[in-house]
Amino acid sequence: MADLKQEIERRRTFAIISHPDAGKTTLTEKFLLYGGAIQSAGTVKGKASDKHAVSDWMEIEKQRGISITSSVMQFEYNGYCINILDTPGHQDFSEDTYRTLMAADSAVMVIDAAKGIEPQTRKLFHVCAKRDIPIFTFINKLDREAQDPFDLLDELEREFGIGTYPMNWPISCGVNFQGVYDRAKKCILTFENHHGGRQRLEAIACDITETEKLDSLIGEYRRRELCEQVELLDGACFDFDLEKVRHGKLSPVFFGSALNNFGIEPFLESFLEMTTSPLTRKAEGGEVDPFDERFSAFVFKIQANMNKAHRDRIAFMRICSGKFERNEEYFHVQGGKALKLSQPQQMMAQEREIIDTAYAGDIIGVFDPGIFSIGDTIADPSMKIRFEGIPTFAPEHFAIVEQIDSMKRKQFDKGMRQIAQEGAIQIFTLPGSGMERVIVGVVGMLQYEVLEHRMLTEYGVKYRKTDLPHTLIRWVENKDIDISRLKLSADTRWIQDFHGNDLLIFSGEWSIDWALSNNEGLILSEFDKM
Ligand code: G4P
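Residues numbered from 1 in each chain as written. Predicted model: local features only at pLDDT ≥ 70, side-chain atom pairs only at ≥ 80, totals over all residues. Heavy atoms only, no water.

Peer 1: Would you mind going over the layout of surface pockets in detail, with residue names and values included?
Peer 2: Estimated volume of the largest pocket: approximately 750 Å³. When its residues are assigned to classes, the lining of the largest pocket shows 10 nonpolar, 4 polar and 9 charged. Lining the lining of the largest pocket are residues from two domains, each supplying at least three of them: domain 1 (7-83 + 106-274) and domain 2 (281-379). Taken as a whole, the second largest pocket holds about 640 Å³ of empty space. Lining the second largest pocket are 21 residues, with Thr-392, Ala-420, Gln-421, Ile-425 and Gln-426 positioned closest to its centre. Taken together, the elements giving at least two residues each to the lining of the second largest pocket come down to helix H5 (95-100), helix H12 (409-421) and strand S25 (426-429). Among the residues forming the lining of the second largest pocket, the class breakdown is 11 nonpolar, 6 polar and 4 charged. (1 Å grid on protein atoms, 1.4 Å probe; cavity = no way out; pocket = protein on both sides within 12 Å on 5 of 7 lines; lining within 4 Å. Points joined across faces, edges and corners; volume = space filled by probe spheres on them. Nonpolar A, V, L, I, M, F, W, Y, C, P; charged D, E, K, R; others polar. Domains from an automatic or database assignment. Helix = DSSP H or I, 4+ residues; strand = E, 2+ residues; numbered from the N terminus.)

Here you go:
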């Protein structure tokens, strides 16, 4: 029991979110270097694949076996056991990316200091914010020309509606970058180009009032600038409040340079101190305490194996309570059956290995013979709980997909349904039309590539796909109206889900406004169900 408590207390499970190229891979790599999980830079993969064209993706997946390499990594640092959940950017972006965030207890948001908030960061941030998980901001690439740090903070606060608290403050940027001033520890971390490896930088204790010492460290001009800015910060910015941080209302901000390994270790240390070990999770049947010794977990991602020879799938579970033991009998709530998970896998940096035990906070992957769905609960039989489902995220791209060979009707139907059930795509019907013609909705275009590949290789089906211009989707809440009689702009389309619920898809906000103002009493609601 003591062992269980200790193990869970030292766990930290977080996601890294960023827009492509902000430096997520570089930062992850530095974390792993500090944890001793890798020996040299350039080993974190997922990055290599990011650089490939979309069509190469399947090939890469095959080489990787399954794509867990880049999605979950575990390493040890200063007594902590850390699980990093990667959220792919680039072409890999899909609904999976959003779902991965459901398994994290906090998020690290990497921002390019020259670019500020970019679209992908915005999307991912909103998913984290809906769950109120703590968000830590790392403003990267201070070794390059950067935006004014006050402007960056202002943008974060304005766009995301959260408070920010700079933990350190940059002393200039680009070629003039001198380092950062640590506000709490009152010390300067001086910047020298290209600190490779795991070398630890010694901070120089120096309060903002120590004029002479500061002058000798960063020069008089920079000292004046720094003092003015820090004074401004002390007067104008939010007070530090750990409770607010832990509820996602205040984001601690760190400035640094991942590539130069600058400011990473102080960031990691503060981050680990401020975040908590796994928290209780809501479930039907009561809240689940992570320290409950009984095992419970939910499935947040299902990865179909791209290898044609092995049609197996891997279901990824986030452990929410207790200790997992291989070959122990657990209960799959949605399937209503007892089961044993005999080959659970976990990632230790690059290596995938079969594990015997795991604890709350950890992520394990298990072979799925087709029994699991996204959001399923697996738990100790005595627990009688069901975790709250994983939200469905609003598709942003839509296409009509039609079968072209009527002899393959059954396979088309089966394939589309199964792939949708795994959560790889979302499908809708056109009222009055059968299953031979469906609307496929996705959040990332890569999902279409995966669908086409899987339909062909697993179900032997080719289809015709016509992209639609729609980007927005809304539920029609009114149950008693005749949708066909609504006055809608020509580009608005009526579709249904598989339960016969009505939805409308639009090509812009303008069409939504038009629908609302021309149909009195019409109630439209956002698609995301959290
Ligand atoms: P991502 O995972 O968020 O997409 O970003 P990634 O780490 O791959 O970094 C994107 C590019 O930015 C890389 O350059 C990387 O070296 C660079 N970078 C990351 N952190 C810093 C930093 O602190 N300062 C500077 N100056 N550059 C940084 P690349 O040329 O695209 O790739 P590579 O050829 O260097 O591997």
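After that view, the rundown keeps rolling.
Peer 1: Give a detailed account of the nonpolar core, specifying residues and quantitative values.
Peer 2: Core analysis: the largest hydrophobic core is formed by 115 residues, its most contacted members being Phe-31, Leu-226, Met-317, Phe-324, Phe-372 and Ile-378. Formed jointly, this core draws a minimum of three residues from each of two domains, domain 1 (7-83 + 106-274) and domain 2 (281-379). Those residues in contact with Leu-226 that sit more than four places away from it in its chain are Trp-169, Ile-171, Tyr-181, Ile-188, Ile-208, Leu-214 and Ile-218. (Core = buried A, V, L, I, M, F, W, Y, C linked by side-chain atoms within 4.5 Å. Buried < 20%, exposed > 50% of the residue type's maximum accessible area, 1.4 Å probe, protein only. Contact = heavy atoms within 4.5 Å.)

Peer 1: So, the packing of H12 against helix H13 (residues 446-459): which residues are in play, and what are the values?
Peer 2: Contact pair H12 / H13: the axes reach a minimum separation of 10 Å and the direction vectors enclose 130°. Looking at the two axes, H12 sits oblique to H13. At the point where H12 passes H13, the crossing takes the right-handed sense. Contacts between H12 and H13 pair Gln-411, Phe-412, Lys-414, Gly-415, Met-416, Gln-418 and Ile-419 from the former with Leu-451, Arg-454, Met-455 and Tyr-459 from the latter. Looking at the contact of H12 with H13, its residues break down into 6 nonpolar, 3 polar and 2 charged. (Axes fitted to C-alpha atoms, helices over the stretch in contact; angles between N-to-C directions. Parallel < 35°, antiparallel > 145°, perpendicular 65-115°, else oblique. Left-handed = near helix turned anticlockwise from the far one by under 90°.)

Peer 1: Now, about the pairing of strand S9 (residues 187-190): what can you tell me, with residues and values included?
Peer 2: By the alternation rule, side chains of S9 split into Cys-187 and Leu-189 and Ile-188 and Thr-190, which are all buried. Two strands pair when backbone bridges link them, and strand S8 (residues 179-182) and S9 are joined in this way by 4 bridges, in the antiparallel orientation. Looking at the pairing, Gly-179 lines up with Thr-190 of S9. Counting the residues in the hairpin turn of S8 and S9 gives 4 residues, including Lys-186, whose phi is positive at 50°. Of the pairings in the sheet, the one linking S9 to strand S10 (residues 204-205) comprises 2 bridges and is antiparallel in character. Paired with Cys-187 across the strands is Ala-205, a residue of S10. (Pairing = 2+ DSSP bridges.)

Peer 1: Could you give an account of the confidence of the model for the chain, with specific residues and numbers?
Peer 2: In the predicted model, the chain carries a mean pLDDT of 86, and the fraction of residues at 70 or more is 88%. Summarising per-element confidence for the chain, the mean pLDDT is lowest in helix H3 (residues 47-50) (40) and highest in strand S5 (residues 135-140) (98). Below a pLDDT of 50 lies the segment residues 60-70, which in the model reaches 30 contacts outside its immediate sequence neighbourhood of four places, other chains included. (pLDDT = per-residue confidence, 0-100.)

Peer 1: Hey, could you go over the packing of helix H8 (residues 211-218) against helix H9 (residues 220-236) for me, with residue numbers and the actual values?
Peer 2: In contact at an axis separation of 7 Å, H8 and H9 are set at 120° when each is read in the N-to-C sense. With respect to H9, the element H8 is oriented oblique. Once H8 is placed against H9, the crossing between them reads as right-handed. Contacts between H8 and H9 pair Thr-211, Leu-214, Asp-215 and Ile-218 from the former with Glu-220, Arg-222, Arg-223, Leu-226 and Cys-227 from the latter. Taken together, the residues of the contact of H8 with H9 sort by class into 4 nonpolar, 1 polar and 4 charged.

Peer 1: Just give me the short version of the sheet that holds strand S7 (residues 168-171), but keep the residues and values in it.
Peer 2: Pairing is antiparallel across the open sheet formed by 4 strands, whose spatial order is S7-S8-S9-S10. The sheet is open, and its two borders are formed by S7 and S10, each paired with just one other strand.

Peer 1: Before we move on, could you go through the pairing of strand S6 (residues 163-166) and cite the residues and values that matter?
Peer 2: Where burial is concerned, the two faces of S6 agree: the one with Gly-163 and Tyr-165 and the one with Thr-164 and Pro-166 are both buried. As defined by bridge partners, S6 adjoins strand S11 (residues 250-255) across 4 bridges and the pair is classed as parallel. Along S11, the bridge assignment pairs Pro-166 with Val-253.

Peer 1: Can you explain the pattern of salt bridges? Please cite residues and give values.
Peer 2: Evaluated as defined, the whole model comprises 29 salt bridges. Taking the shortest distance from any N to any O, the salt bridge between Asp-105 and Arg-281 comes out at 3.7 Å. Of this pair, Asp-105 sits in the loop between H5 and strand S4 (106-112) while Arg-281 sits in the loop between helix H11 (264-274) and strand S12 (283-284), and the two are 176 residues apart along the sequence. A salt bridge links Arg-417 to Asp-413; the nearest nitrogen and oxygen atoms lie 2.8 Å apart. In this pair, Arg-417 and Asp-413 are both assigned in helix H12, 4 residues apart and thus about one turn of the helix distant. Each of Glu-7, Arg-10, Arg-11, Glu-76 and Asp-362 takes part in salt bridges that share partners, so that together they form one network. (Salt bridge = Lys/Arg side-chain N within 4 Å of Asp/Glu carboxyl O.)

Peer 1: Describe the environment of Gly-161, and please don't skip the residues or the numbers.
Peer 2: You can see Gly-161 is positioned in the loop between helix H7 (149-160) and S6. For the pair Gly-161 and Leu-250, spaced 89 residues apart in the sequence, the C-alpha separation amounts to 9.5 Å.

Peer 1: Could you give an account of the side chain of Ser-525, naming the residues involved and the relevant values?
Peer 2: Its location among the elements puts Ser-525 in strand S31 (residues 524-526). Looking at Ser-525, the relative accessible area reads 18%, which means it is buried. Within the structure, Ser-525 has its side chain in polar contact with the side chain of Glu-477 (distance 2.4 Å). Residues contacting Ser-525, with those up to four places away along its chain left out, are Arg-474, Trp-475 and Glu-477. (Polar contact = N/O pair within 3.5 Å; in protein donor to acceptor, adjacent residues only side chain to side chain.)

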